[in-house]
Structure formats: C-alpha cells, structure tokens
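A look at the structure
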Amino acid sequence: MDPVARRVLPAILPLLAGMVVGAASSSLPTEPGVEEIIFACRPLGGDPHWYANFGYSAGDAGRKFYTQPSRLCRLHLSTHKVSVLLEDRQGSIRDPQVHYDGRKILFSYRKGGTDHFHLYEIGADGGNLRQLTDGPFDDIEPTYLPDGGIMFASSRCRRWVNCWFSQVAVLYRCDADGGGLHPVSANIEHDNTPWPLPDGRVIYQRWEYVDRSQVSYHHLWSMNPDGTGQMIYFGNQRPRTVILDAKPIPGSDNEVVAVFSPGHGKKEHNGVVTIVSPKTGPDTWESARSLHPGDDFRDPYPLSPDCFLVAQGPRLVVMNGKGELQEIYRLPTEEALAGMECHEPRPLASRPRERILPSRVHLDQSTGRRILADVYNGRRMEGVRRGEIRKLLVLETLPKPVNYSGGMEPLSLGGTFTLERVLGTVPVEADGSAYMELPALRSLFFVALDENNNSVKRMQSFFSVMPGETGSCAGCHEQRTRAPVNPGRGALLALQRPPSRIEPVPHIPDVFDFPRDIQPILDRHCLRCHDYERRSGGVVLSGDRGPMYSQSYVALTVTRQFADGRNRQTGNLPPRAIGSSASPLLSKLAGSHHDVRASSRELDMVRYWIETGAPYPGTYAALGSGIVSLNPLGGLNRADQEWPEARAARAVMARRCDSCHEAVRPLPHFISDDRRDLPRDSDRRPLSYHLAFNLSRPHNSLLLRAPLAKSAGGYGACLLPARKGSTGDDRAVFQSTGDPDYRTLLELCRAGQRELERIKRFDMPGFRPTPAYVRELQRFGVLPRDLAPDAAFDVYALDQAYWRSLWYRPAGATAARE
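About the criteria used
- Residues numbered from 1 in each chain as written.
- Predicted model: local features only at pLDDT ≥ 70, side-chain atom pairs only at ≥ 80, totals over all residues.
- Heavy atoms only, no water.
- pLDDT = per-residue confidence, 0-100.
- Contact = heavy atoms within 4.5 Å.
- Salt bridge = Lys/Arg side-chain N within 4 Å of Asp/Glu carboxyl O.
- Helix = DSSP H or I, 4+ residues; strand = E, 2+ residues; numbered from the N terminus.
- Buried < 20%, exposed > 50% of the residue type's maximum accessible area, 1.4 Å probe, protein only.
- Core = buried A, V, L, I, M, F, W, Y, C linked by side-chain atoms within 4.5 Å.
- Pairing = 2+ DSSP bridges.
- Axes fitted to C-alpha atoms, helices over the stretch in contact; angles between N-to-C directions.
- Phe/Tyr/Trp six-rings, centres within 6.5 Å; stacked < 30°, edge-to-face > 60°.
- Lys NZ or Arg CZ within 6 Å of the ring centre and 35° of its normal.

**What to know about the confidence of the model for the protein**
- Across the protein, the average pLDDT comes to 90, with 90% of residues at or above 70.
- Counted against residues more than four places away or in other chains, residues 663-687, with its pLDDT under 50, gives 49 contacts.

Below, the structure written as structure tokens:
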C-alpha cells in the first residue's frame, strides 16, 4: 500500500461504509452510509470543448460529437463487485442521478443506431428501463426535483453556440413521466449541470458574453425550480474559469463542491475540485478553495465535508477535505488503453428531498414584470448624477440558427458575436425606479439612457422573466450582499402605476445592417472627404467590399469610431465607457466634425446601431459566406488550393516589398493595424488584410495604390531608399500602372473580385445562404422540407421568422406578443 493510501484509508473507509451524512448546520436529516455507487463508462469526445458532447458539427452533419460504446455500472464498495445495469456498444450513456428513494436511476441515453440523447429511468437492479422523452433533440444532464419533476439541459431550444459549430442546450423541466415539458431558461448560450440546493433552489452553470469575452464568463447561477428568480451564485465578475457540476455538501455551512475547469474549460468537464462558500457574496474569489491541484478530475459528488466521490480518467477515487486520494475502482487495462473512462459516480442510497418551493409561474401568460428599485444604486456608477438617467433601453440578444467557427466574423471585427434587437424603452422615474412588462423567456438586457438617448451604463449581462413572474432588482450592478434600503419613501414611484409597456423607438429597424442602414449616412456626410481620392486623415469610408467587410466598416473599427465590448475579459465597466456616449462617430455626425450635421433620424440610426453592438450584417445568413481569402503571402482559396494569382503575387512581394516589410508584416504601418493593441480577426490576420484589398474597384486596393507613385495615381507611401538626386515620387516602388509587377498584384485583386461575384455576400443581388443555414431552418420548421432547389430567399425575413418561432406562446395562443 502506498503512503498516501495508508494515511487516507482509515479516514475514508468508515465514511463510505458507515457514514452519517448531515449535521446540525444542515437542514437535511441524517442518512445511512453508502455501500454501493453507480457510474457511467464511455470514451471522451473528440472535440476539445466542455460543451460539445452531443449532436453534430454545423458544417459537417456527419461529424458527431458523442462517443460510444458505453455502459451504466453498479459498484459494491466492500466486495468490489461491478454489475452492469445497461450496456450499449453503439450507444452513449451519461449523467445518471439516483432517485430520492434509492430505487431507480435517471440518466441520459442515446441508443445505438440513433443520433439523439433522451431521458430514461432504470431500476437500481437494471430492470424496468423506461424512456421519458423523445423527439429530434438532445436531453442531457437531468436531475430529480423535490416537487416530483425533472430538470435537464436540452437542445430543444433550437440554437447554436455563438462561437462554435455545435448546438446549445439550455434548461428545461418536465413531469416525472416526461410530460409537461417546457423551458425555464432563455439563454442563447449554454446552461448546464443543474442540481437542487437544500433551500429548494437549483444551482447551475451559465455561459454568457454580452459586451465581453466569449471564452471567459461561465459561472454558477441559481434559479427556482420553476425558472423564476434567476440570480448569480458565484463568479460572474471573474474571467477565465468554467464552473461546472456544482452540488451542495451535506453537513457543511451551505458550501458547494464544483469543478473549476481552467480557461475556457477542458474536455468532458475536467478541472480542479473546488469548494465554494457563498457567504461573502458572489464576487469574492477567495471564497473558492481547491482541494487538489490536479485539473483532470470531474463529476465530484459530496458525501460529507471530508469525503467526495470523483472520477479521474479510467478510475474512480475518493478525495478527502485535504485533497488526499484513494482509488476505489479502475477500468481494466485494455479498456483504458482503448480510451474508456469513468464518469459521474453517485451513491446508490436514499436521500431526503430538498425544500419544495411553490411555483410563481403562470404559463397562461406571455409576459412577466420587472421592478427596478433604484437605477443609481450599484457598483461603478461613479459620476452619474441623480436625474441623469431618463430611460432604460431594452435590447434582446438573438440566438443563432447555425454557426461555423470560433470567431465573430463576419458579424463584427473583434466585437459582438451576436445580433441584438431593439425592443424599445421604458421610463425611469425621478426616484430612479422603474416598473415594466416584458416578453417572457427572451434574453434581454438594459442600457441606461440620458436625456439625449445616449448610453450612461450598460448591463453587460442578460436576464429573462418567466411567464407571469414578477421579479425585482435593487439597482444597477448592485452589491448582492446588500439588502435594499428604503430612503424614507412611502413607495417607489414606478409602483404607483401599472407596469410600463415597452415603447418602440420610432423610425429605426429592430435589427441593424451596416450596408443597408449606416453606409448611406456615411455616403451623404463623409464620403466627399473620405473616399479614395482625398482620403482625409488616411481614412476611407467607402462602402466598397473587401475580403470580408466593407472598407468603411473596417476603417471605423480600426480608428475606434464606435465603442463596444470588444470581446474583452472585463465586466461592469464604468459609466459611459462603451456605447453611444463613448463613440466619436456619433459626436462627429452631430456637428463636432467640420460642417457635418446629420439629421436627428440619422443620428438615431447610428446611435442604436452602436448600442446593438455595431454589427456588420443584419442577418445570420451571412455566417460562413461571402468571405474571400486573398492573403498574397499564402492565401488558400477554392478547395484549399492556392490561386495562381496568389502564388505570383507572393513572388512579387518577396522581390519588391520584403526589403522593407518582413514576411509577417506584409503591409506598412500607415494602414495602422500591425500594432499589438489593435484587434485582429479570429484567424489572427492583421486588419491590414481587410484594408488592403478592394473587391468592388480592384484598382483602388491599398495593396496597389500605396506603392504606386503619386504622379501615376497612387499614394506614394511605399518608398525605396533615397538615391542622389531622387525625389519622393521617383522613390515609389511602382512608377506606373504598366509595371509588370503592379499588373500581377492587380490580377490578384481582380481574381478576388471575380470570386466574390461568384460566391456572393449577404448584401449582393443573388445571394443565397449556406446549405447548413437552410438545413437548420428546415429542421426547425421555418422552411418547408420540400423546398425547391432554386427557391428565392429573403434572408432577413427568414431570420425574423426563426426568432419568432422561439417566442413563448401560452397553450392555445396563435400569436406571440412583443
């Protein structure tokens, strides 16, 4: 026996074999010791992400994220006997949970030969297998609820991860027999691993990124079992950790154990076993204490404050409160070598039900209500005067029907991953209070507006209301450890009237599209100075198309003319740090820039475009389409074959440009985006890539005009070393457009133009969305299955129809209310 085992066994075995769980500090009664456990066996998935473990890849429906074979096992701790309750060589078994009576097991199961996980129950002896849910969706991570229902994560929400090519699962609940199924979450990203707390709430992991990094904010939240009262539990202001599989620790002072999976999370929820105490509030990182430094543990199940069942690769271990380990089971060597691993150990024993909370949901209503006590009460509200905030802008983050990559392109360049809808505004009273009626089960967030409708403070998170729910918050990013304080008022002013209905903002689209809505404003007010001929300040605001975006959209991004979240690992920014108030473009159009003076409607268009994340396309049909790869230093194009024009251009640049520009910096600094402090796209291309090529008017490509002499119509910005008697224009790399090397680069730009005309972009006549976009809208019932191959599409209308199909409708209703 190794030294650690010799120390640990005497303490752990009594806990397992004859343990009394519970203590005076717990609301749960004591329960008998654990003699048997159940667990699942299956290989790890091939995708590196913690959430991509069901369904298929968006771009390749034949690529499945689930694994096989699998089995559900029962282990007797004293005899070490393993019984197989269910085995499927072609199927997947996961997420078992033992019922309160200890006699049956709830789990998620994809039968061999099928593609979808559904909920099943099986007797503790392996008999009475019963299917609870069905349909063309995946139901995973189920948990029994004390009221007799079941909560689980499901892809029935019909949406895709905003930054990957896998599907989303959010929280649903159903009755014990699988009936009465309905959502309790409106997240457009994942909600995972729900589990009841002793006080009756449910703890779960929520992933979100409104105005902040897509890989950094996935922390613990809680809700009531009916979906009401959604609230941060721990960690929402702390980036770079995924907190999963949280469960309350019996006998502790309301502590939970969870996996802290580092960074953006490891495969199959692997991470560090960590104890979390909520007593000091959700933002005190010191309240989290790791038990063991290893980050390859998963699925911790607490038996007491000093005993945890944990899976680690091909084995099951017991971990004590000091992080010491003792192996209790290991898969046979040949199975471990074949990739099988252990998952989800659970004690096979009865346990008491948690507190039952009465439901506050009214499923016959399509709206809920939200009370805000005082918008000025909160963190990071420095400098905001009382009376300054007049309205709340209500925005909705919109789910994606499909997605193809880990980047935000082409929705934005370094910014938002999602489109956002303007629902309208609600008033803020003189005392800072607001009371409003909102559509149920939609992912909403607020922007506080001043008297000029400019942003004062952004929420940088989202919330939702359940049907019929009335919820409240004390302020704007208020401290969760502080109770609301009555400053001597008899009642909130907002509560002395019925709830405000959302007032639409007149004369603007609800979802913005840069070429359609913003470019015409730039054409009217900016282009006379910022076209290719004058190019004032080195800025071009033409709507000409580049490899992925328009020239103007990239220029506004590079010169930081609008202030958005920029996909940064920061939250709760100071007032007026992002949004319309922090965006130079809006003030320039309002009269601060020469003689430019946009109309009030034009200013509103730009203002609310910025507030909705400043997207480039206004449709998700743009995803995965209209992108031309043109990098002359290695561009791959059709079928991953390098164009002859790219190969020839690379030779020219090696001969004519490398003396001044190293290979990793193909274009000079006057294009301004090789600096480390400026954003790059998700493939790490510098922004010069997007500015260098004009695919509408190839001769205006900066790749050509920068090294061309001014006398020949160029900018003369790329100059050779001075020689005796030479002038600036004589030193230009290309003296005329007849230079053969100039012509070679021009042919590359023309080849890009031809390619874009062939494949089309969302704002071009004849554009058609990708086959995967059409496939998913057919699967969701938005498009008919028997669609004609040459059917015409209005992709903007299709997106709207898709979003409307997700709106909550009470039973028997035929239309949803805004």
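**Structural notes on the pattern of salt bridges**
- Counting across every chain of the model gives 53 salt bridges.
- When the shortest N-O distance is used, the salt bridge between E36 and R74 registers 2.7 Å. Placement of the pair is E36 in strand β1 (residues 36-43) and R74 in strand β2 (residues 70-76), with a sequence separation of 38 residues.
- A relative accessible area of 17% places E36 in the buried class.
- We note a salt bridge from D374 to R386, for which the minimum N-O separation is 2.5 Å. Taken together, the residues span a long stretch of sequence, with D374 in the loop between β25 (367-372) and β26 (391-397) and R386 in the loop between β25 and β26 at a distance of twelve residues.
- Residue class for R386 comes out exposed when judged on its relative accessible area of 53%.
- The network of salt bridges with shared partners includes R385, E388, D450 and R576.

**A look at the nonpolar core**
- Ranked by internal contacts, the top residues of the largest apolar core, which has 121 residues, are I389, L392, L589 and W609.
- Among residues more than four places away in sequence, those in contact with L589 are I521, H525, C526, V596, R597, A598, L603 and V606.
- L220, Y329, L331 and C342 belong to the second-largest nonpolar core, a separate cluster that totals 33 residues.

**A look at the sheet that holds β25**
- A sheet is described by the order of its strands in space; here three strands give the open sequence β28-β25-β31, paired in mixed fashion. The open sheet has two edge strands, β28 (434-439) and β31 (470-473), and neither has a second partner. Between one strand and the next, the sheet's axes are offset by a mean angle of 25 degrees, whatever the strand orientation.
- Where β25 meets β31, four bridges bridge the pair, whose relative direction is parallel. Looking across to β31, one finds that I371 is bridged to S472.

**Quick look at the packing of aromatic side chains**
- Tallied over the entire structure, the rule returns 31 aromatic pairs.
- On the numbers, 5.8 Å between centres and 85 degrees between planes, the contact of F734 with Y742 is edge-to-face.
- Judged by relative accessible area, which is 1%, F734 ranks as buried.
- Note on Y742: relative accessible area 4%, which makes it buried.
- Above the face of the Y796 ring, R516 is positioned so that its terminal group lies 5.2 Å from the ring centre.

**Description of unusual backbone geometry**
- Cis geometry marks the peptide bond from Q68 to P69, where omega comes out at 0 degrees.
- Summarising the element assignment, P69 is placed in the loop between β1 and β2.
- You will see that H80, though not glycine, has its phi angle at about 65 degrees, which is positive.
- Looking at the secondary structure, you find H80 in the loop between β2 and β3 (82-88).
- Among the residues examined, H80 registers a relative accessible area of 54% and is labelled exposed.
- Phi angles above zero are rare outside glycine, and D211 is one such case at about 60 degrees.
- Within the secondary structure, D211 is located in the loop between β13 (202-207) and β14 (217-223).

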